[in-house]
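# Understanding the architecture of this molecule
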Amino acid sequence: MSEQTTAPRRRLRFPFAAQVLTGLVLGLVLGVVALQISPPHPETGEATNWLAVTLQTVGSTFVALLRTIVPPLIVLAVISSIANLRNVANAARLAWKTLLWFAVTALVSVAIAIVLGLTVRPGLNSAVDEATAAEPSTHGSWLAFIESLVPANFLGLAANTSAADDGSLSTSLSFNALQLIVIAVALGIAAVKVGKAAEPFINFTASTLEVVLKALWWVIRLAPIGTVGLLGNAVYSYGWTTIGALGQFAITIYLGLALVVFVVYPVIARLNGLSPVKYFTGVWPAVQLGFVSRSSMGTLPVTQRVAEQNLGVPRHYSAFAVPFGATTKMDGCAAIYPAISAIFVAQFFGVDLAVTDYLLIVFVSVIGSAATAGTTGATVMLTLTLSTVGLPLEGVGLLLAVDPILDMGRTATNVAGQALVPAIVAKREGILDPVRYHAPRGTTGFVPLDEPGTATAEEAAAARTAADPDEDGAGPDGAREADLASAGSGSRG
């Protein structure tokens with residue numbers, strides 16, 4: 001018994017959040033050291049020393065592990081959530097309110113971006129030369145979005161074959177998150193329609209989901225090591241000197257991102273009766289991982305975990321909202337960045353934008369982010385915005401040099417919003433767990449599922465009744481109680 005009580009006390013000496021922060025500092029230092037040993041190859045950009053190769057390998061391995069968990073997590077979570085929602089009367093209302101808040105936050109974000117672009121005028125104060133522009137490798141289009149809704153195969157997989165200089169061929173597989181959601185929704189609805197005969201399938205899905213969540217937690221525990229590799233490789237590959245020519249543009253982007261994360265989101269949380277401080281402490285594990293990984297999909301497992309475990313969002317709802325948000329809810333990549341960039345390109349090429357052009361930018365930012373689902377969002381979103389407004393696509397190449405550094409802040413902003421909206425909707429619908437939302441975060445950065453202070457089924461039911469006296473609680477209460485019980489058995493690290 002004494003040994004069991006000693007182990008947790010030892011963990012208190014170096015909390016998980018402190019481990020990740022240490023990884024950030026160590027990655028920064030090692031990236032600078034790797035640069036001092038030898039810079040990247042001037043033409044290929046490949047690492048030229050052992051330390052740089054090690055950082056690159058560690059970072060890419062960690063992201064690969066996260067992305068490996070994403071496909072089964074999306075499919076299993078969405079199917080299970082649909083099964084849990086089969087007795088909930090307001091499921092459709094939850095979906096529409098989620099979309100509404102996605103649009104609201106995107107609208108506010110793009111308005112901030114336009115004001116900053118017109119005030120700072122980064123395109124008139126840039127030292128870049130048009131000759132340095134690079135051709136973007138991908139372009140966004142509405143047709144591509146519509147086509148991407150139709151699964152190419154049952155697993156939503158895509159294959160890409162490339163030829164090396166020596167003539168050898170290599171094939172890599174990738175998944176389309178939006179197609180996986182379509183497949184999972186179809187299977188979930190079919191299981192509900194089948195009825196009693198589908199109960200074994202639903203039970204198997206729920207059980208498998210718990211196994212995946214346990215494996216996910218093991219991967220999350222590697223985040224401090226992954227952070228060292230990811231940030232160290234970013235510093236080595238891109239350095240900070242690339243900001244020089246586009247300094248004012250980069251500062252404008254980060255100013256817009258900061259206003260959204262530190263002003264807009266807290267105000268929205270407060271207006272909906274949520275503590276901004278608790279929101280930030282709850283979402284921090286996902287935000288810091290999004291910053292170093294530069295991937296909303298790679299961060300998806302952690303985002304869903306903080307939404308459920310720290311912010312008190314019921315699993316049957318977060319399983320819908322968070323994966324959907326990871327593909328379409330991108331205030332950083334789809335609102336702040338393309339709006340400021342479009343204004344930059346217009347100013348750089350001397351194109352005067354009319355009021356209708358700014359309205360088109362707003363429209364694309366609020367509605368068009370869906371066109372980037374399953375792709376590398378920011379560049380595709382920018383090309384979609386420029387083509388819609390009629391600006392030269394050559395302007396995209398001007399911004400590619402500094403894009404990786406900007407992508408860190410964009411992804412962190414995306415992730416913060418992807419966790420906030422489900423919390424707001426859950427709060428407004430009376431299904432948020434207020435005790436869990438306000439509970440102290442554990443040494444891992446997450447609220448322990450079996451620690452005192454976590455809401456019991458009775459406390460959660462009382463909170464929902466207080467929020468909506470007309471709610472009989474039969475559906476959501478039972479689902480939430482099952483969620484807490486299953487989470488406690490399966491996702492405790």
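Bear in mind that the values here come from a model prediction, so they are computed numbers and not experimental data.

Moving on to the overall build of the protein. Assigned secondary structure in the protein consists of 20 helices and 2 strands. Burial statistics for the protein: of 493 residues in total, 52% are counted as buried. Counting contacts in the protein only where the partners sit at least 6 residues apart, residues at least 24 apart contribute 83% of the total. Accessible surface, the protein: about 21,400 Å² in total, of which carbon and sulfur atoms supply 65%.

Next up on the list: the pattern of salt bridges. Using the criterion set out here, one finds 5 salt bridges in the structure. We note a salt bridge from Glu429 to Arg93, for which the minimum N-O separation is 2.7 Å. Here Glu429 is found in helix α17 (residues 403-429), whereas its partner Arg93 is found in helix α4 (residues 91-120), with 336 residues between them in sequence. By relative accessible area, Glu429 is classed as buried at 6%. The salt bridge partner of Lys97 is Glu429, with a shortest N-O separation of 2.7 Å. One end of the pair, Lys97, is in helix α4; the other, Glu429, is in helix α17, and 332 residues separate them in sequence.

Turning our eyes to something else, we now look at a nonpolar patch on the surface. On the surface, a nonpolar cluster with roughly 490 Å² of combined accessible area is contributed by Val25, Val29, Val33, Ile37 and Trp50. Considering every element that reaches the nonpolar patch, the biggest residue donor is helix α2 (residues 16-37), with 4 residues. Mapping Val25 onto the fold places it in helix α2. Of the residues examined, Val25 reaches a relative accessible area of 51% and is grouped as exposed.

Take the side chain of Ser38 next. Assignment of secondary structure puts Ser38 in the loop between α2 and α3 (50-84). Excluding its chain neighbours within four sequence positions, the residues that come into contact with Ser38 are Thr48, Asn49 and Tyr236.

For an α-helix the count is 3.6 residues per turn, leaving residues at separations of three or four pointing the same way. Compared with the 26 Å implied by 1.5 Å per residue over 18 residues, the 24 Å span of helix α13 (residues 331-348) between its first and last C-alpha is a close match. The largest bend in α13 is about 30°, located at Tyr337, with the proline Pro338 one to four residues further on. Burial of α13 is extensive: 17 of the 18 residues sit out of reach of the surface. Phi turns positive, to about 70°, at Gly350, one or two residues after α13.

Now for the packing of aromatic side chains. Applying the stated criterion across every chain, the model contains 5 aromatic pairs. An angle of 50° between the planes, with centres 5.3 Å apart, marks the rings of Tyr279 and Phe280 as tilted. The exposure class of Tyr279 is buried, given its relative accessible area of 1%. Relative to Phe348, the ring of Phe344 lies with its centre 6.1 Å away and its plane at 20°, an arrangement referred to as stacked. Within this pair, Phe344 and its partner Phe348 are both found in helix α13, separated by 4 residues, close to a single helical turn. Each member of the aromatic cluster is reached from another via a ring pair, and the members are Phe249, Tyr337, Phe344 and Phe348.

Turning our eyes to something else, we now look at the packing of helix α10 (residues 276-293) against α17. Axis separation between α10 and α17 bottoms out at 8 Å; the angle between their running directions is 140°. For the pair α10 and α17, the crossing hand works out as right-handed. Every residue of α17 that contacts α10 at Tyr279, Val283, Ala286, Val287, Gly290 and Phe291 is listed here: Met408, Gly409, Thr411, Ala412, Val415, Ala416, Gly417, Ala419 and Leu420. Classifying every residue of the contact of α10 with α17 by side-chain character gives 11 nonpolar, 4 polar and no charged.

Within the fold, Val421 resides in helix α17. Owing to a relative accessible area of 1%, Val421 belongs among the buried residues under this scheme. C-alpha of Val421 to C-alpha of Ala269: the two residues are 152 residues apart in sequence and 9.1 Å apart in space. Beyond its immediate sequence surroundings of up to four residues, Val421 is in contact with Thr98, Trp101, Phe102, Tyr317 and Lys329.

Each value, and the rule that gives it
Residues numbered from 1 in each chain as written. Predicted model: local features only at pLDDT ≥ 70, side-chain atom pairs only at ≥ 80, totals over all residues. Heavy atoms only, no water. Helix = DSSP H or I, 4+ residues; strand = E, 2+ residues; numbered from the N terminus. Buried < 20%, exposed > 50% of the residue type's maximum accessible area, 1.4 Å probe, protein only. Contact = heavy atoms within 4.5 Å. Areas by Shrake-Rupley, 256 points an atom, 1.4 Å probe, with all protein chains shown as cover. Salt bridge = Lys/Arg side-chain N within 4 Å of Asp/Glu carboxyl O. Patch = residues over 30% accessible without salt bridge, like charges linked within 9 Å, V, L, I, M, F, W, Y side chains within 5 Å. Expected span 1.5 Å × (residues − 1). Bend = angle between axes of the 7 residues up to and from the residue. Phe/Tyr/Trp six-rings, centres within 6.5 Å; stacked < 30°, edge-to-face > 60°. Axes fitted to C-alpha atoms, helices over the stretch in contact; angles between N-to-C directions. Left-handed = near helix turned anticlockwise from the far one by under 90°. Nonpolar A, V, L, I, M, F, W, Y, C, P; charged D, E, K, R; others polar.

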